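# Tertiary structure, described
In case you want the letters, here they are:
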4 protein chains.
Amino acid sequence: MSPPFTAAFVADPEIEAWFAPEAEIKAMLAFETALAAAEAEAGLIPAAAAVAIDAACAAFVPDIATLTEGLIRDGVLGPAFVAALRQKVVEPYSRYLHFGATSQDVADSALTLRLKPVLALLDARLAALIAVLHEMSVAQGSIKLMAHTRMQAALPFTAADKLTNWQQPLLRHRARLAALGPRLLAVQLGGPVGTRAEFAGKGDAIAADLARRLGLSDAPCWHTARDNIVEFGQTLGLIAGALGKLGADTALMAQSEIGAVRMEGAGGSSAMAHKANPVTAELLVSLAHYTSGLSGTLCQALVHENERSGTAWAVELLTLPPLIFATGAALMHALNVAKRICFIAQ
Amino acid sequence: MSPPFTAAFVADPEIEAWFAPEAEIKAMLAFETALAAAEAEAGLIPAAAAVAIDAACAAFVPDIATLTEGLIRDGVLGPAFVAALRQKVVEPYSRYLHFGATSQDVADSALTLRLKPVLALLDARLAALIAVLHEMSVAQGSIKLMAHTRMQAALPFTAADKLTNWQQPLLRHRARLAALGPRLLAVQLGGPVGTRAEFAGKGDAIAADLARRLGLSDAPCWHTARDNIVEFGQTLGLIAGALGKLGADTALMAQSEIGAVRMEGAGGSSAMAHKANPVTAELLVSLAHYTSGLSGTLCQALVHENERSGTAWAVELLTLPPLIFATGAALMHALNVAKRICFIAQ
Amino acid sequence: MSPPFTAAFVADPEIEAWFAPEAEIKAMLAFETALAAAEAEAGLIPAAAAVAIDAACAAFVPDIATLTEGLIRDGVLGPAFVAALRQKVVEPYSRYLHFGATSQDVADSALTLRLKPVLALLDARLAALIAVLHEMSVAQGSIKLMAHTRMQAALPFTAADKLTNWQQPLLRHRARLAALGPRLLAVQLGGPVGTRAEFAGKGDAIAADLARRLGLSDAPCWHTARDNIVEFGQTLGLIAGALGKLGADTALMAQSEIGAVRMEGAGGSSAMAHKANPVTAELLVSLAHYTSGLSGTLCQALVHENERSGTAWAVELLTLPPLIFATGAALMHALNVAKRICFIAQ
Amino acid sequence: MSPPFTAAFVADPEIEAWFAPEAEIKAMLAFETALAAAEAEAGLIPAAAAVAIDAACAAFVPDIATLTEGLIRDGVLGPAFVAALRQKVVEPYSRYLHFGATSQDVADSALTLRLKPVLALLDARLAALIAVLHEMSVAQGSIKLMAHTRMQAALPFTAADKLTNWQQPLLRHRARLAALGPRLLAVQLGGPVGTRAEFAGKGDAIAADLARRLGLSDAPCWHTARDNIVEFGQTLGLIAGALGKLGADTALMAQSEIGAVRMEGAGGSSAMAHKANPVTAELLVSLAHYTSGLSGTLCQALVHENERSGTAWAVELLTLPPLIFATGAALMHALNVAKRICFIAQ
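The residue count restarts for each chain, going from 1 along the sequence in the order it is written. Whichever chain is written first becomes A and whichever ligand is written first becomes 1, with later ones labelled in order. The model is predicted, so local features are restricted to residues of pLDDT at least 70 and side-chain atom pairs to those at 80 or more, both for listing and for counting; the totals for chains, interfaces and linings are taken over all residues. Each side-chain value is worked out from all heavy atoms of the structure, with water and hydrogens disregarded.

## Some words on the overall build of chain A
Operational definition: Runs of H or I in DSSP of at least four residues are treated as helices and runs of E of at least two as strands, each being numbered from the N terminus. Only protein chains enter the accessibility calculation, which uses a 1.4 Å probe; a residue is then buried when its area is under 20% of its type maximum, exposed when over 50%, and partly exposed in between. What makes two residues a contact is simply this: any of their non-hydrogen atoms within 4.5 Å. Computed with the Shrake-Rupley method and a 1.4 Å probe, the accessible areas treat only the protein chains shown as cover for residues. Under this rule, positive means Lys or Arg and negative means Asp or Glu; His and the chain ends count for nothing. A charged residue contributes its charge at one atom only: NZ of Lys, CZ of Arg, CG of Asp or CD of Glu.
When you go through chain A residue by residue, the secondary structure sums to 11 helices and 4 strands. Across the 346 residues that make up chain A, the buried fraction comes to 68%. Taking contacts inside chain A between residues at least 6 apart in sequence as the whole, the part at least 24 apart equals 79%. Carbon and sulfur atoms form 60% of the exposed surface of chain A, whose accessible area is close to 10300 Å². One finds the centroid of the 26 positive side-chain charges in chain A at a distance of 7 Å from the centroid of its 31 negative side-chain charges.

Laid out in structure tokens, this is it:
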């Protein structure tokens, strides 16, 4: 089914690619390969098993439809994925696949593996936007504008003042992502109920080695402690909020009666040819409201009852991807807006 | 880009089809055809123009990519759609296409045109679920269960009592949809700023005729008054909430230590072969939380400033479709759960 | 503890009075009196017991501190309230107090008893606001204004057009409250697990008589079906949203560079003596966002697991009162704004 | 007006005291005194003016009713507060009071001044809860329990495993508060439009000195960049979410049919004497949902348009205090729950 036209408002192909089924399976395969290698290294499974598992993973071609059926039936991809992959492992090694692990281990590790490049993309877009705003300050900063408080003209200031107000939270957001990265981008390894009891006393060593092999942080099992995930979603809400402020300011300055900015390539109207609508600036405000709402809903997922909650987990799975895509799209829209703004002296 | 695997949790192909680009364009064409016919009937445009427009609409093949570009540029499909369609109208009649109307007229009317079958689908699923619950009452109603209040065993009651509690809000939801239908499924016709000034004093008559031709209610222009739309989203939140209660009850009754229901075809675990997880029941709870959040975000769209707010409108466009799909999917999941429940005497 | 200064933004003494502890106890006493009378009428308890209970209720002086302790301990006022009241019933009749009922019966009935005047107050304020807007149309409707779409000047229209846009959703909100009233303002009587089993086959008759005595609708037990309550909260979100639109329009029109309205008695600044800030109009927008959020959170309370959920119920109890007060306050602020608006021809 | 009984669920007198009008005025007076001292030190105002202002602040008795009227009229306390205080400054120095500052400078600085002890209180409660959970691990950690995933019995583990899962996010929350403190607890000084233009080139030095005198961090003006405030609210959502998980686990373990915990002092029922309801544990879940919703609404306040938004600011002022109180109350309730839990071997 094609998505609605308006999905284009939040389209972010570069980031969405990391959430496509193929990318998720690829990350799951990386987990199973690295887990087998770490378990072999620790002497928990035969070295030949790790080789066989590596070969099976390298050759595995997922059947997306069957895996999707499994997801709906089991609530998680793991059982169908492991069953399909196990058939590809040369015997007598198939029993060593996913050894001691649970579906959530592979699901969460495959998530953080993909969040790593996503974080880098978001940070790069923040950096690009800050750079554009800085260039604007250099080029247009001395233009005199009227500051407005509570919807009223207040006192004169300059475009540089406005641009500084837009940049400062973005700088803090980059610092937030940098501080969050190490705790968010962590390996997940707990076994069925999160105790690592299945790893014969070697669970912590295997987790550390697994993390190293995957380029993730080492961490104790976090099956039920979703605070880092939710904090990431909240930070996305902060980012989109800052962009919403940039958009709101732009749309207000672009009002016909104020004219403090001109937007190159503004949107048209089917009924009024004279109009130049600050469409993308308005959309930034919409995305701020949308992501704020999603961030509050994601926070509802913290009540992750007992040792694994299908309920809370699915709330997370339903809200985190659109929150990421909308924020990623908002960053692209903001860059687009910033590049087209010409301040006009008041 | 393929959507994430977990999009399957909220997949509802039957309803999503009404939001696919092709369906939206088809509804927009129906609007333009009917508008021209009504305007010709009122003597506002030549009868031959209506014939030419009807022919152009019937033959129109949309270029989805170009229209999507237009949507992003203009914030609304109207300008690009009307421009493309106008080229197909035999001259000298192209100027009579979309005569006096604005993009929001066609967008909103094309929305309510499609919400009409969507409402019917949702109602049919509610009716089917009520019927299944009623059959369960007949077949299993006398089974003795233990009622629980505040997570504690309270006093005995029967499966019929439980089933009655599940059915009653669903009956009210059908009544809500029935009451909402006429005011929600209304034609939109306002012209550029919502005054019908462009229709030479015949605006009200044209709107009434247009409504009749489209099978929609007649209504004054509601460009900026989104209360019926938001109320629809809120009602979806009510429906999904009732299903979440059904799911929560089922998951609680299915607990190993309680065993008051057995779910046929429960989900498996990649690590624990003995488990039978009430996956779909849990998902109903997740969907209730998810739709509750979306309904609150949709409500933020009521602050529709001035005579058309790109900002508030986009919030609506971003939240209404996922809210509809998730509720539609929840109804299917609930039917699936209900059909698989076997109560076990306590 | 005094509330923060900013509680004044949502202060609504007239409505808050109905939620004060004394008013709640008074409604609970009315329930117990009427229940005993209905049970005596049905022959379930001695007529003399009803007389004794009536006397005890009439003379009861609540100890708010002790009842609050009970609320925190039991999660509901019922146990402590009934225990205290029981001591005041002349023996041998104390055992007939609250006969067959549960704490939620008295809590919910005491809520709907108080929502009845609250609904009337809200409706009266809606009517008053509609009347003021109508008077404004008569007095100022012909003033020429500029319509704005997507933050841009669009085409001329009149103050009457603007005022019509503000009034129409308010008219629908009155109709919504009128339609909701009968199903919302219902008696609650279910007994411990909602089956009316404790009423010896006379439960339905007693509920009907109780409803009549209290001036509420008769209804089957709705302990766990909170849809009418949530729908009420959602309707409050719709009302506050319409007022937020009125506020947003006013603040935008009041901008220094536009000057399409003058607000008598606008707010001052500690730093800029020349400013006239549209403070109350802005506050209407804030209240729309605030109530939208609360309405989404209230909707989370629908997942009312099993036969009584302390969890979902407390979510309702935490969100419904502030939602009511904020909407009530918004209506007063909107009336205040409307009375002070002078349109200025553009 | 007395608050509703159910306000007791979120009562936190120790923290609420910091938001009482008297405490806010005291913090505002501290700001004005320190500002005058810093401005005198910088040579911007006479040293004698600072002495006179210090004396006026020390002797000032606020008229809460008049200030509240001013708040409603002006949207902020500043104008009425400064006007009242100015009358108390010995002439010819009254003109040096609040010199160069704007209402938001004193409002925001007075907020962060009070958030400082609030943060310390929250952190102390987190530490106390962690200590209790640690003591429980020592005393009861070896008790065998059954782990549950997706509402089903999974595999055995121990109370220590459960307690570890509860403690780990709390440790991270303490680290979050510690990292947030310096950027949140910052001075606000911007002047009317946030440029410090009124301070004759000495604005940065005065702000730094003011921060030092108030025990706050130095920071550039953050009038419109509310990310640190919203991040604080989001962190409260994370904290309450972790406590909601503790509450949900407890209520599930306390189920009659499971009996893995006994709660000393559990709540009673007005109808069923045999019940011991896990009332406080359930309330923790409610507070998690409530605060999640508030955190999402607070995030809506980031769209702080232009150089001061009355709208966005009021959303913040309406949501932050209840979010703080509810989280503070949740910490006390969680401590109460933790102290009363006795695990029972399964």
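There's plenty left to go through after this.
## Some words on the pattern of salt bridges
Residue and element names in this part refer to chain C. Just so we agree on the cut-off: Salt-bridge detection follows one rule: a side-chain nitrogen of Lys or Arg within 4 Å of a carboxyl oxygen of Asp or Glu.
Scanning the entire structure with this criterion turns up 76 salt bridges over all chains. In this structure, E24 and R114 form a salt bridge, with 3.9 Å as the shortest nitrogen-oxygen distance. With E24 in helix 2 (residues 21-41) and R114 in helix 6 (residues 103-140), the pair connects residues that are 90 residues apart, well separated along the chain. A relative accessible area of 4% places R114 in the buried class.

## Focus: the pairing of strand 1 (residues 144-149) of chain D
All names here are of chain D. We count it as follows: Between any two strands, at least two bridges found by DSSP are needed for them to pair.
Pairing of strand 1 with strand 2 (residues 152-158), which is carried by 5 bridges, proceeds in the antiparallel orientation. From the neighbouring strand, L145 faces strand 2, where its bridge partner is F157. From the end of strand 1 to the start of strand 2, which pair antiparallel, there are 2 residues, and R150 there has a positive phi angle of about 50 degrees.

## Re the interface of chain D and chain A
So the rule is basically this: A simple way to read buried area is as the amount of 1.4 Å-probe accessible surface that goes missing from two parts once joined, with both sides added.
Opposite the 60 residues of chain D that make contact, chain A presents 60 residues. Here chain D and chain A share an interface that buries about 4900 Å² over both sides, 54% of which is from carbon and sulfur atoms. Looking only at chain D, the three residues that lose the most surface to chain A are R150, N306 and E307 of chain D, adding up to 14% of its buried area. For the pair chain D and chain A, the number of links is 8 salt bridges. A salt bridge links R172 of chain D to D227 of chain A; the nearest nitrogen and oxygen atoms lie 2.7 Å apart. Residue assignment for the side of chain D that touches chain A shows that the elements contributing at least two residues are strand 1, strand 2, helix 7 (159-184), helix 9 (227-253), helix 10 (279-299) and helix 11 (310-340) of chain D.

## Re the relation of the copies chain C and chain A
We apply this condition: A least-squares superposition brings the copies together, and it is based on the C-alpha atoms of residues with pLDDT no lower than 70 in both.
Superposition record for chain C on chain A: RMSD 0.0 Å, screw rotation 180 degrees, translation along axis 0.0 Å. Here the two chains are linked by the operation of a two-fold rotation axis. The rotation axis passes nearest to the C-alpha of E257 of chain C in chain C, at a distance of 3.0 Å. A share of 100% of interface residues in chain C that are also interface residues in chain A marks the association as one of identical surfaces.

## Let's talk about the packing of helix 6 of chain C against helix 7 (residues 159-184) of chain C
All names here are of chain C. Filter applied, for reference: Working convention: axes come from line fits to C-alpha atoms, limited for helices to the stretch in contact. Angles between N-to-C directions cover 0 to 180 degrees. Roughly parallel covers angles under 35 degrees, roughly antiparallel covers those over 145, roughly perpendicular covers 65 to 115, and oblique covers all other angles. In this scheme the handedness of a crossing depends on how the near helix is turned from the far one: anticlockwise by less than a right angle means left-handed, clockwise means right-handed. Under the grouping applied here, Gly and all other residues not named as nonpolar or charged are polar, the nonpolar ones being Ala, Val, Leu, Ile, Met, Phe, Trp, Tyr, Cys and Pro and the charged ones Asp, Glu, Lys and Arg.
In the contact formed by helix 6 and helix 7, the axes pass within 9 Å of each other and the chain directions differ by 160 degrees. Relative to helix 7, helix 6 is oriented roughly antiparallel. For the pair helix 6 and helix 7, the crossing hand works out as left-handed. Of the residues in the contact of helix 6 with helix 7, the class split is 17 nonpolar, 7 polar and 2 charged.

## Here's the deal with the environment of S103 of chain D
You can see S103 of chain D is positioned in helix 6 (residues 103-140). Apart from residues lying up to four places away in sequence, S103 of chain D is in contact with S270 of chain C together with V76, G78, P79 and H98 of chain D.

## Observations concerning the packing of aromatic side chains
So the rule is basically this: Stacked, tilted and edge-to-face are the three classes applied to pairs of Phe, Tyr and Trp rings, where Trp contributes its six-membered ring and a pair requires centres within 6.5 Å; stacked means planes under 30 degrees apart, edge-to-face means over 60, and tilted covers the rest. When the NZ atom of lysine or the CZ atom of arginine is within 6 Å of a ring's centre and also within 35 degrees of its normal, the charge is said to sit over that ring.
Tallied over the entire structure, the rule returns 16 aromatic pairs over all chains. The interplanar angle of 90 degrees and the centroid separation of 6.0 Å between the aromatic rings of F60 of chain B and F81 of chain B together place this pair among those described as edge-to-face. With F60 of chain B in the loop between helix 3 (47-59) and helix 4 (64-74) and F81 of chain B in helix 5 (residues 78-86), this residue pair connects regions lying 21 residues apart in the sequence. Taking 5.9 Å as the distance between ring centres and 40 degrees as the angle between the ring planes, the aromatic pair formed by Y96 of chain D and F99 of chain D counts as tilted. The buried category is assigned to Y96 of chain D, whose relative accessible area is 15%. The ring centre of F19 of chain B lies 5.4 Å from the NZ or CZ of R114 of chain B, which sits over that ring.

## Re the interface of chain C and chain A
To keep it simple, the criterion reads: The term polar contact refers here to a pair of N or O atoms within 3.5 Å; inside protein, the definition further demands a hydrogen-donor-capable atom paired with an acceptor-capable atom, and it admits residues adjacent in sequence only when both atoms are side-chain atoms.
On the chain A side, the residues contacting the 25 residues of chain C number 25 residues. Buried area between chain C and chain A, summed over both chains or domains, comes out near 2300 Å², and the portion from carbon and sulfur atoms is 50%. Linking chain C with chain A are 2 salt bridges. Here E282 of chain A and R150 of chain C are joined by a salt bridge, their closest N and O atoms 2.9 Å apart. Between the two partners, chain C and chain A, sit 11 residue pairs in polar contact (both at pLDDT 80 or more). Contributions of two or more residues to the side of chain C that touches chain A are made by strand 1 (144-149), strand 2 (152-158), helix 9 (227-253) and helix 10 (279-299) of chain C. Looking at which element gives the most residues to the side of chain C that touches chain A, the answer is strand 2 of chain C, with 4 residues.

## Considerations on the relation of the copies chain D and chain A
When chain D is fitted to chain A, the best match, at an RMSD of 0.0 Å, comes from turning it 180 degrees and sliding it 0.0 Å along the axis. Most of the interface of chain D is mirrored in chain A, where 100% of its interface residues are also at the interface.

## A few points about the packing of helix 9 of chain C against helix 10 of chain C
All names here are of chain C. Axis separation between helix 9 and helix 10 bottoms out at 7 Å; the angle between their running directions is 160 degrees. Taken together, the axes of helix 9 and helix 10 lie roughly antiparallel to each other. As helix 9 packs across helix 10, the resulting crossing turns out to be left-handed. Looking at the contact of helix 9 with helix 10, its residues break down into 14 nonpolar, 9 polar and 1 charged.

## Digging into unusual backbone geometry
Peptide bonds are, in most cases, trans, and in most cases residues other than glycine have a negative phi. In this chain, E91 of chain A is followed by P92 of chain A through a cis amide linkage whose omega measures 10 degrees. The residue P92 of chain A is located in the loop between helix 5 (78-86) and helix 6 (103-140) in this model. Positive phi values are uncommon outside glycine, yet H98 of chain C reaches one of about 60 degrees. As for its placement among the helices and strands, H98 of chain C is situated in the loop between helix 5 (78-86) and helix 6.

## What about the environment of N306 of chain D?
By the element assignment, N306 of chain D lies in the loop between helix 10 and helix 11. Once the C-alpha coordinates of N306 of chain D and H223 of chain D are considered, the two residues, 83 residues apart in sequence, prove to be 10.0 Å apart. Among all residues touching N306 of chain D, those that are not within four sequence positions of it are H148, K162, K245, D249 and L252 of chain A together with T224 of chain D.

## Some remarks on the confidence of the model for chain A
Inclusion rule: The pLDDT value expresses, per residue, how confident the predictor is, ranging between 0 and 100.
With 99% of its residues at a pLDDT of 70 or more, chain A shows a mean pLDDT of 96. Two numbers describe this predicted complex: its pTM, 0.98, and its ipTM, 0.97.

## A closer look at helix 11 of chain D
All names here are of chain D. Put simply, the test is: Each residue after the first adds 1.5 Å to the expected span of a helix.
Here helix 11 spans 46 Å end to end across 31 residues, near enough to the 45 Å set by a 1.5 Å rise per residue. Of all the 31 residues making up helix 11, 27 are buried; the element is thus mostly covered by neighbouring parts of the structure. Structurally, the start of helix 11 carries an N-cap: the backbone nitrogen of T311 is 3.3 Å from a side-chain oxygen of S309.

## Description of the environment of T158 of chain C
On the secondary structure map, T158 of chain C appears in strand 2. When the C-alpha atoms of T158 of chain C and V230 of chain C are compared, they prove to be 38 Å apart, with 72 residues separating the residues in sequence.

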